[in-house]
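Tertiary structure, described
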Amino acid sequence: MQEVDFSKGDGLVPVIVQDAQTLEVLMLGYVNEEAWEKTQTERRVTFYSRSKQRLWTKGEESGNFLEVQDLHVDCDQDTILIKAIPAGPTCHTGSRSCFNTDHNQNFLFELERVIQQRIDFPIEGSYVNSLRQKGLNKVAQKVGEEAVETVIAALAETEHDFINESSDLVFHLILLLKEKGLGWREIAANLASRHK
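These numbers come from a predicted model, not from an experiment.

1. Looking at the overall build of the chain
Looking only at helices and strands, one finds six helices and six strands in the chain. Reading the chain from its N terminus to its C terminus gives the helix and strand order β-β-α-β-β-β-β-α-α-α-α-α. Taking 196 residues into account, the globule formula puts the C-alpha radius of gyration at 16 Å, and the chain, at 21 Å, lies well above it. Expressed as a percentage of its 196 residues, the buried residues of the chain come to 35%. For the chain, the share of sequence-separated contacts (at least 6 apart) that also reach a separation of at least 24 residues comes to 51%. Placing the 21 positive and 31 negative side-chain charges of the chain at their respective mean positions leaves the two points 4 Å apart.

2. Notes on the packing of aromatic side chains
Taken as a whole and judged by the stated rule, the model has two aromatic pairs. Between Phe-47 and Trp-56, the ring centres sit 5.5 Å apart and the planes meet at 25 degrees, which makes this aromatic pair stacked. For Phe-47, a relative accessible area of 1% gives the class buried. With centroids separated by 6.0 Å and ring planes inclined at 45 degrees, the aromatic side chains of Tyr-127 and Phe-171 adopt a geometry described as tilted. One end of the pair, Tyr-127, is in helix H3 (residues 127–132); the other, Phe-171, is in helix H5 (residues 159–179), and 44 residues separate them in sequence.

3. Looking at the side chain of Thr-22
Mapped onto the elements of the fold, Thr-22 is located in the loop between strand E1 (13–19) and strand E2 (25–31). Judged by its relative accessible area of 1%, Thr-22 is buried. Excluding residues within four positions of it along the chain, Thr-22 makes contact with Arg-96, Asn-106, Phe-109, Glu-110 and Arg-113.

4. Remarks on the environment of Ser-95
Among the secondary structure elements, Ser-95 is positioned in the loop between strand E6 (80–86) and helix H2 (107–120). Assessed through its relative accessible area of 33%, Ser-95 is described here as partly exposed. Setting aside its immediate chain neighbours within four residues, Ser-95 contacts Pro-89 and Thr-90.

5. Considerations on the pattern of salt bridges
Applying the stated criterion to the full structure yields twelve salt bridges. Taking the shortest distance from any N to any O, the salt bridge between Arg-96 and Glu-110 comes out at 3.9 Å. Remark: Glu-110 occurs in helix H2 and Arg-96 occurs in the loop between E6 and H2; sequence separation between them is 14 residues. For Arg-96, a relative accessible area of 24% puts it in the partly exposed group. If you follow the salt bridges from partner to partner, you end up with Asp-19, Glu-24, Arg-96, Glu-110 and Arg-113 in one network.

6. As for the UniProt feature "domain: Phosphoribosyl-AMP cyclohydrolase" (unreviewed entry) in the chain
As recorded in UniProt, the feature "domain: Phosphoribosyl-AMP cyclohydrolase" (unreviewed entry) lies at residues 27–100. As annotated, residues 27–100 has a helix share of 14% and a strand share of 38%, and its two end C-alpha atoms lie 11 Å apart.

7. Overview of a nonpolar patch on the surface
A contiguous nonpolar surface patch, about 310 Å² in accessible area, is contributed by Ile-16, Val-25, Leu-28 and Phe-99. When you line up the elements, Ile-16 lands in strand E1.

Calculation rules
- Residues numbered from 1 in each chain as written.
- Predicted model: local features only at pLDDT ≥ 70, side-chain atom pairs only at ≥ 80, totals over all residues.
- Heavy atoms only, no water.
- Helix = DSSP H or I, 4+ residues; strand = E, 2+ residues; numbered from the N terminus.
- Rg over C-alpha atoms; globule rule 2.2 N^0.38 Å.
- Buried < 20%, exposed > 50% of the residue type's maximum accessible area, 1.4 Å probe, protein only.
- Contact = heavy atoms within 4.5 Å.
- Lys, Arg positive; Asp, Glu negative; His and termini not counted.
- Charge placed at Lys NZ, Arg CZ, Asp CG, Glu CD.
- Phe/Tyr/Trp six-rings, centres within 6.5 Å; stacked < 30°, edge-to-face > 60°.
- Salt bridge = Lys/Arg side-chain N within 4 Å of Asp/Glu carboxyl O.
- UniProt positions renumbered as here; feature names shortened; annotations may be inferred.
- Patch = residues over 30% accessible without salt bridge, like charges linked within 9 Å, V, L, I, M, F, W, Y side chains within 5 Å.
- Areas by Shrake-Rupley, 256 points an atom, 1.4 Å probe, with all protein chains shown as cover.

As structure tokens, this is what we get:
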């Protein structure tokens, strides 16, 4: 278990919860030692509720749990960052995040998650399912077709057409990456290594 200094905040330390895939900040809460141990053991985020004066597992009433993926303690050991997968809206208002953030900036990661769900749990009649049934060659061919259409739109069509074709290209590229067992993480890591 990671060391946390609970002495600085009268036994409580702040916890920032971030979506493990999109990196969107979802909420801020506090943990005491007992909540921290429970979070690490059960791999679900548990806070210490200052208003209720008790442990509170996020989602215990709504079912919108925060499933822990990574835990990080800051350099002063008095703040925790938890990367989690939300099972639904995080905020009590029904929003994804307790902060009014622009979720669109991270939608590519959400789209990647949706495509992976379609692969893991095929839905009859879904576009992803119908294209995958035609095989890897067809998925790869579709990326090529969308790339050509994107180039044509860039050179001879409206900005709106270019955005639409670019969106189609990215969608099909994500699907191809998933077919090959990859995702944005591997692409980002490769781009970062080239940047050095």
